[in-house]
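# Fold and geometry: a report
Residue-level listing of the chains:
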Amino acid sequence: HAKILKKNPNYSIEALCDTSKSRLIKCSAELKCKAYYNYKDIIDDKNVELIIVSTPSKTHYKIAKDALLSGKNVVIEKPITSKIFEIKDLKKTAVK
């Protein structure tokens, strides 16, 4: 996702987050952006406005919910979550 967004002049890649340190170091160097190992740190970054959740689907709800509660815009890779009540809760949280 980051490489595609990098080509769009309406976006700037401020930071990446990954649990693989080697992949994180490589990608953040290529994109010339900050690197975070813990997703909560990228959510706390005031320069980050949009969080793209492209993690294993079982983690989507928690990460997206935390990002939304922090006032971030969120895009979630499919499937959004595996539970309907989580989808409804994310929608309710996003609308607030």
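Before reading on, note that the structure itself is shown above.
In short, a report on the structure. (Residues numbered from 1 in each chain as written. Predicted model: local features only at pLDDT ≥ 70, side-chain atom pairs only at ≥ 80, totals over all residues. Heavy atoms only, no water.)

### Concerning the pattern of salt bridges
Put simply, the rule is: A pairing counts as a salt bridge when a side-chain nitrogen of Lys or Arg comes within 4 Å of a carboxyl oxygen of Asp or Glu. Secondary structure elements are defined from DSSP: runs of H or I of at least 4 residues count as helices, runs of E of at least 2 residues count as strands, and each element is numbered from the N terminus. The cut-offs for exposure are 20% and 50% of the maximum accessible area for each residue type, with area from a 1.4 Å probe on protein chains only; residues under the lower value are buried, those over the upper are exposed, and the others partly exposed.
Counted under the stated rule, the structure contains five salt bridges. Here Lys34 makes a salt bridge to Asp45, at a shortest N to O gap of 2.7 Å. With Lys34 in strand β2 (residues 34-36) and Asp45 in the loop between α3 (39-44) and β3 (50-53), the pair connects residues that are eleven residues apart, well separated along the chain. Residue Asp45 is classed as buried on the basis of its relative accessible area, which comes to 6%.

### Focus: the layout of surface pockets
The condition is simple: Only protein atoms enter the 1 Å grid used here. Points where a 1.4 Å probe fits but cannot escape make up a cavity, open sets with protein on both sides within 12 Å along at least five of seven lines make up a pocket, and a residue lines them when an atom lies within 4 Å of a point. Grid points are joined across faces, edges and corners, and a volume is the space filled by probe spheres set on the points.
Quantified by volume, the largest pocket comes out at close to 1,000 Å³. For the largest pocket, the lining is made up of 37 residues, of which Ala15, Leu16, Cys17, Ile42 and Ile52 are closest to its centre. For the lining of the largest pocket, the secondary-structure elements that each account for two or more residues are α1 (2-6), β1 (15-17), α2 (21-31), α3 and β3. Ranked by residue count, the leading element in the lining of the largest pocket is α2, at five residues.

### Comments concerning a nonpolar patch on the surface
How we decide: Patch definition: residues with relative accessible area over 30% and no salt bridge; like charges joined within 9 Å; nonpolar side chains (Val, Leu, Ile, Met, Phe, Trp, Tyr) joined within 5 Å. Here the open area of atoms and residues is found with the Shrake-Rupley method and a 1.4 Å probe, where only the protein chains shown may cover a residue.
Taken together, the side chains of Ile80, Ile84 and Ile87 present a nonpolar region at the surface, about 240 Å² in accessible area. By the element assignment, Ile87 lies in helix α5 (residues 84-95).

### Section: the packing of helix α4 (residues 60-69) against α5
Keep this limit in mind: The axes used here are C-alpha line fits, helices contributing only the stretch in contact, and every angle between their N-to-C directions lies in the interval 0 to 180 degrees. Any angle from 65 to 115 degrees is called roughly perpendicular, while one under 35 is roughly parallel, one over 145 is roughly antiparallel, and all others are oblique. By definition, turning the near helix anticlockwise from the far helix through less than a right angle yields a left-handed crossing, and turning it clockwise yields a right-handed one. Any two residues whose heavy atoms approach within 4.5 Å are treated as being in contact.
Put simply, α4 and α5 touch, their axes get as near as 10 Å, and they point 15° apart. With respect to α5, the axis of α4 lies roughly parallel. When you trace α4 past α5, the crossing you get is left-handed. Here α4 contributes Tyr61, Ala64, Lys65, Leu68 and Leu69 to the contact with α5, which in turn contributes Glu86, Asp89, Leu90, Thr93 and Ala94.

### Side note on α5
Three- or four-residue spacings in an α-helix give side chains the same orientation, since the helix completes a turn every 3.6 residues. In plain terms, the rule: Expected span of a helix, by definition, is 1.5 Å for each gap between consecutive residues, and there is one gap fewer than residues. For this quantity, the arc is that covered by the directions from the helix axis to the C-beta atoms.
Here α5 contains twelve residues, and its C-alpha end-to-end distance of 17 Å stays within 8% of the 16 Å for a straight helix at 1.5 Å per residue. Among all positions in α5, only Glu86, Asp89, Leu90 and Thr93 are buried. Summarising the axial view, the buried residues of α5 lie within an arc of 100°, below the 170-degree limit, and thus occupy one face. In α5, the exposed residues that point more than 90 degrees away from the buried face are Ile84, Lys88, Lys91, Lys92 and Val95. Each element contacted by the buried residues of α5 is listed here: α4 and β4 (73-76).

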